[in-house]
Amino acid sequence: MNLFGMGKKKPAAQPRASPQEAITLLESKMETLAKREQFLNTKIDLCKKEALAKKKKGDKTGALIALKKSNRYADEAKKMQGTVMNLESQKMALESASINVETISAFDASNKALANIHKDMDPEKIDDIMEDMEDQRDISNQISEALTRNTEDVFEDEDLLAELEGLEDELEMVDEEAPTIPTKAQPQQTATTTPAPEVVFNFPNAPQGQLQQQQQPVKETEDERAIRELQESMLA
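From a predicted model like this one, the values you see are computed outputs, not experimental measurements.

### Some thoughts on the overall build of the protein
So, step 1. Looking only at helices and strands, the protein has six helices and zero strands in total.
So, step 2. What you see in the protein, going N to C, is helices and strands ordered as α-α-α-α-α-α.
So, step 3. Out of the 236 residues in the protein, the part that is buried amounts to 8%.
So, step 4. For the protein, long-range pairs separated by at least 24 residues make up 71% of all intrachain contacts whose partners lie at least 6 apart in sequence.

Set out below in structure tokens:
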């Protein structure tokens, strides 16, 4: 308690960030560090160029200071690279954990679905159903055998087979004793061909004047004659 007799207030609990929000935040920090690293690399190049320029002018002290600044920038760039690698590792771990959570959730949902399906299934009841199916199948086979039993006895009855052979012998004897009836020869008819009647069609005579008028050659123009001669030369 403080001097005024009041307890110290606890800080409000921060809402938990979802995996996707955490991944988005990591990506944002990685992008910022990448820009910072690019800036440092630019400064390193400038400092090296400055060190070379001052060395050529004979300013050895200025060249060493510029080179030292370049080394500091290089150390800072290495730190940026290490931080980015750590952020990438954290991002991969979050992504893997998120996938694991989704996988476990899928397993849980599938197990609940299976349990819902199997809750009305009793293994003993299923065994009873299968036994009843076998019994009904046996009964069906027995009924089929009973229905076809008489037909099979007919094919195996020796007395009926012997009687059938006797009927065949009697039929052969009847055919041999039956008299043959002569048949009269039918006179051959000679086929006579009758000439086909001549068909005469009386058509009106076609007008000759009109045909002659149509058969008159049409005078062709010079262009038509030139095209015709060109076609003939191509066919030649």
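We are not done yet, so read on.
### Observations regarding the nonpolar core
So, step 1. Residues Leu-26, Met-30, Leu-33, Leu-40, Ile-44, Ala-77, Met-80, Val-84 and Leu-87 constitute the largest nonpolar core, which totals nine residues.
So, step 2. Elements represented by at least two residues in this core include exactly helix H1 (19-56) and helix H2 (60-118).
So, step 3. When residues of this core are assigned to their parent elements, the largest contribution, five residues, is made by H1.
So, step 4. If near-sequence neighbours (up to four positions away) are discounted, Ile-44 is found in contact with Ser-70, Tyr-73, Ala-74 and Ala-77.

### Comments concerning a negative patch on the surface
So, step 1. A surface patch of negative charge is lined by Asp-122, Glu-124, Asp-127, Asp-128, Glu-131, Asp-132, Asp-135 and Asp-138.
So, step 2. Mapping Asp-128 onto the fold places it in helix H3 (residues 123-156).

### Concerning the pattern of salt bridges
So, step 1. Summed over the entire model, instances satisfying the criterion amount to four salt bridges.
So, step 2. Taking the shortest distance from any N to any O, the salt bridge between Glu-27 and Lys-91 comes out at 3.0 Å. A residue pair is termed long-range when its members are at least 10 positions apart, and Glu-27 in helix H1 and Lys-91 in helix H2 qualify at 64 residues.
So, step 3. Residue class for Glu-27 comes out partly exposed when judged on its relative accessible area of 35%.
So, step 4. Among the ionic pairs, Asp-108 bridges to Lys-112, the shortest N-O distance being 3.6 Å. Placement of both Asp-108 and Lys-112 in helix H2 is noted, with a separation of four residues, approximately one turn of the helix.
So, step 5. On the basis of relative accessible area, Asp-108 is assigned to the partly exposed category, the value being 39%.

### Digging into H2
One turn of an α-helix holds 3.6 residues; hence residues three or four places apart share an orientation.
So, step 1. Here H2 spans 87 Å end to end across 59 residues, near enough to the 87 Å set by a 1.5 Å rise per residue.
So, step 2. Restricting attention to buried positions, one finds in H2 the residues Gly-62, Ala-63, Ala-66, Ser-70, Ala-77, Met-80, Val-84, Leu-87 and Lys-91.

### Quick look at the environment of Gln-20
So, step 1. Within the element layout of this structure, Gln-20 appears in helix H1.
So, step 2. Using a relative accessible area of 53% as the deciding quantity, one classes Gln-20 as exposed.
So, step 3. Placed 71 residues apart in sequence, Gln-20 and Lys-91 show a C-alpha to C-alpha distance of 9.9 Å.

### Structural notes on the side chain of Lys-91
So, step 1. Side chain to side chain, Lys-91 and Glu-27 meet in a polar contact 3.0 Å long.
So, step 2. Those residues within four positions of Lys-91 in sequence are excluded, and the remaining contacts are Ile-23, Leu-26, Glu-27 and Met-30.

### Details of a nonpolar patch on the surface
So, step 1. A cluster of nonpolar side chains, Leu-114, Ile-117, Met-121, Ile-126, Ile-129, Met-130 and Met-133, forms an exposed patch at the surface whose accessible area comes to about 630 Å².
So, step 2. Sorting the residues of the nonpolar patch by element identifies H2 and H3 as the ones contributing at least two each.
So, step 3. No other element matches H3, which puts four residues into the nonpolar patch.

### Description of the packing of H1 against H2
So, step 1. Across the interface, H1 lies against H2 with an axial gap of 8 Å and an inter-helix angle of 165°. Classified by the angle between their axes, H1 and H2 sit roughly antiparallel to one another. By crossing handedness, the relation of H1 to H2 is classed as left-handed.

### Section: H1
So, step 1. End to end, H1 covers 56 Å across 38 residues, agreeing with the expected 56 Å (1.5 Å per residue, within 8%).
So, step 2. Of the residues making up H1, those classed as buried are Ile-23, Leu-26, Met-30, Leu-33, Glu-37, Leu-40, Ile-44, Cys-47 and Ala-51.
So, step 3. Those residues of H1 that are buried are in contact with H2.

Criteria and thresholds
- Residues numbered from 1 in each chain as written.
- Predicted model: local features only at pLDDT ≥ 70, side-chain atom pairs only at ≥ 80, totals over all residues.
- Heavy atoms only, no water.
- Helix = DSSP H or I, 4+ residues; strand = E, 2+ residues; numbered from the N terminus.
- Buried < 20%, exposed > 50% of the residue type's maximum accessible area, 1.4 Å probe, protein only.
- Contact = heavy atoms within 4.5 Å.
- Core = buried A, V, L, I, M, F, W, Y, C linked by side-chain atoms within 4.5 Å.
- Patch = residues over 30% accessible without salt bridge, like charges linked within 9 Å, V, L, I, M, F, W, Y side chains within 5 Å.
- Areas by Shrake-Rupley, 256 points an atom, 1.4 Å probe, with all protein chains shown as cover.
- Salt bridge = Lys/Arg side-chain N within 4 Å of Asp/Glu carboxyl O.
- Lys, Arg positive; Asp, Glu negative; His and termini not counted.
- Charge placed at Lys NZ, Arg CZ, Asp CG, Glu CD.
- Expected span 1.5 Å × (residues − 1).
- Polar contact = N/O pair within 3.5 Å; in protein donor to acceptor, adjacent residues only side chain to side chain.
- Axes fitted to C-alpha atoms, helices over the stretch in contact; angles between N-to-C directions.
- Parallel < 35°, antiparallel > 145°, perpendicular 65-115°, else oblique.
- Left-handed = near helix turned anticlockwise from the far one by under 90°.

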